[in-house]
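Commentary on secondary and tertiary structure
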Amino acid sequence: MDRNAEREKILHYVISSVGGFLGAYAIFNYCDFFGNAQTANLIHIVCKIFSADYTGLLFLVIALITYMLGNVFCVIAEKFIKHDLQAISLLLTSGAVIIIGIFPSISNSYIAILPILFVMPVQWNAYRTAGGYVSATVFSTNNLRVAVMSLTRYIIDKDPKQGDRAKFYWFTLLGFHAGVAVSCVASVFLGTKSIWFCFVPILISTVGYMHLNELGIKRLANKLTFGTVK
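Since we're looking at a predicted model, the values are computed, not measured.

Attention now moves to the packing of helix 7 (residues 141-157) against helix 8 (residues 160-190). Direction vectors running N to C along helix 7 and helix 8 enclose 150°, while the axes themselves pass 8 Å from each other. As judged from the angle between their axes, helix 7 and helix 8 are roughly antiparallel. Handedness of the crossing formed by helix 7 with helix 8: left-handed. Contact residues: Asn143, Leu144, Val146, Ala147, Val148, Ser150, Leu151, Arg153 and Tyr154 in helix 7; Pro160, Gln162, Gly163, Arg165, Ala166, Tyr169, Trp170, Thr172 and Leu173 in helix 8. Partitioning the contact of helix 7 with helix 8 into residue classes produces 11 nonpolar, 5 polar and 2 charged.

Dropping the structure here:
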């Protein structure tokens, strides 16, 4: 496998820890609300309708719209901003962490994690592929499905391609839950202020991103240097 594909995989594992950290942070600190995906939220919306809890419904709809806007932003960014969405994702996630860190005591769980609801679909879209594989970095269900099926096929057929596939998805799960573990430990001791620890996986991911794109960064730096000289 070429060097670039291996770098993509490593970055994928590391960025998954960001998704794991923020997912666990929201669940641990804000009433078991998982901000990285919307399956449970959509179910809750239907339940709120039939239980006539319209106040709760309002906040759930706000959460849903925020998540949808994150996806809308990805389309707009790819079409009009024309800059690497992976870099944009890292910047937006850093901004979300800062906002949550500055306002850690918002009592309404849905409002408190709105920044997470916006940036997680951006990360999902920005880092949806690595080394030829399609994989989410913000939740685990499909990664677990593919990891188990690929490992089973490898055990039965001894197909090295399935072995490599299984390795990729298991390591993605490991990266995600390493972020979960860091988030849980930090939350036990610091509560909502533990959000600042998210900068650990963000900084590691930034280093991984720069390593993967070192040639493009060097070209950009040379371009800016020569542009300044002129």
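Tallied over the entire structure, the rule returns 3 salt bridges. Of the charged contacts, one joins Lys9 and Asp164 as a salt bridge, the two residues approaching to 3.1 Å between their closest N and O atoms. In this pair, Lys9 is assigned in helix 1 (residues 3-29) and Asp164 in helix 8, connecting sequence segments 155 residues apart. Using a relative accessible area of 3% as the deciding quantity, one classes Lys9 as buried.

Moving on: the side chain of Thr137. Assignment of secondary structure puts Thr137 in the loop between strand 2 (133-134) and helix 7. Thr137 gets classed as buried once you look at its relative accessible area, which sits at 0%. Here the side chain of Thr137 touches Gln123 through a polar contact of 3.0 Å, side chain to side chain. When residues no more than four places from it in sequence are discounted, the contact partners of Thr137 are His12, Ile15, Ser16, Gly19, Gln123, Tyr127 and Phe176.

If you trace the backbone, Asn41 turns up in helix 2 (residues 39-50). Judged by its relative accessible area of 2%, Asn41 falls in the buried class. Excluding anything up to four places from it in sequence, Asn41 contacts Phe33, Leu60, Ala63 and Leu64.

Glancing now at the nonpolar core. By size, the foremost hydrophobic cluster in this structure holds 43 residues, and its most contacted members are Leu22 and Ile116. Among the elements of the structure, helix 1, helix 3 (54-81), helix 4 (85-102), helix 6 (114-126) and helix 9 (199-212) are those that each provide at least two residues to this core. Those residues in contact with Ile116 that lie beyond four places of it in its chain are Leu22, Tyr25, Ala26, Gly35, Asn36, Ile100 and Pro121. If you look at the next biggest cluster of nonpolar residues, it comprises 8 residues, including Tyr13, Val146, Ala147 and Tyr169.

The rules behind the values
Residues numbered from 1 in each chain as written. Predicted model: local features only at pLDDT ≥ 70, side-chain atom pairs only at ≥ 80, totals over all residues. Heavy atoms only, no water. Axes fitted to C-alpha atoms, helices over the stretch in contact; angles between N-to-C directions. Helix = DSSP H or I, 4+ residues; strand = E, 2+ residues; numbered from the N terminus. Parallel < 35°, antiparallel > 145°, perpendicular 65-115°, else oblique. Left-handed = near helix turned anticlockwise from the far one by under 90°. Contact = heavy atoms within 4.5 Å. Nonpolar A, V, L, I, M, F, W, Y, C, P; charged D, E, K, R; others polar. Salt bridge = Lys/Arg side-chain N within 4 Å of Asp/Glu carboxyl O. Buried < 20%, exposed > 50% of the residue type's maximum accessible area, 1.4 Å probe, protein only. Polar contact = N/O pair within 3.5 Å; in protein donor to acceptor, adjacent residues only side chain to side chain. Core = buried A, V, L, I, M, F, W, Y, C linked by side-chain atoms within 4.5 Å.

On their own, these measurements won't tell you what the molecule is for.
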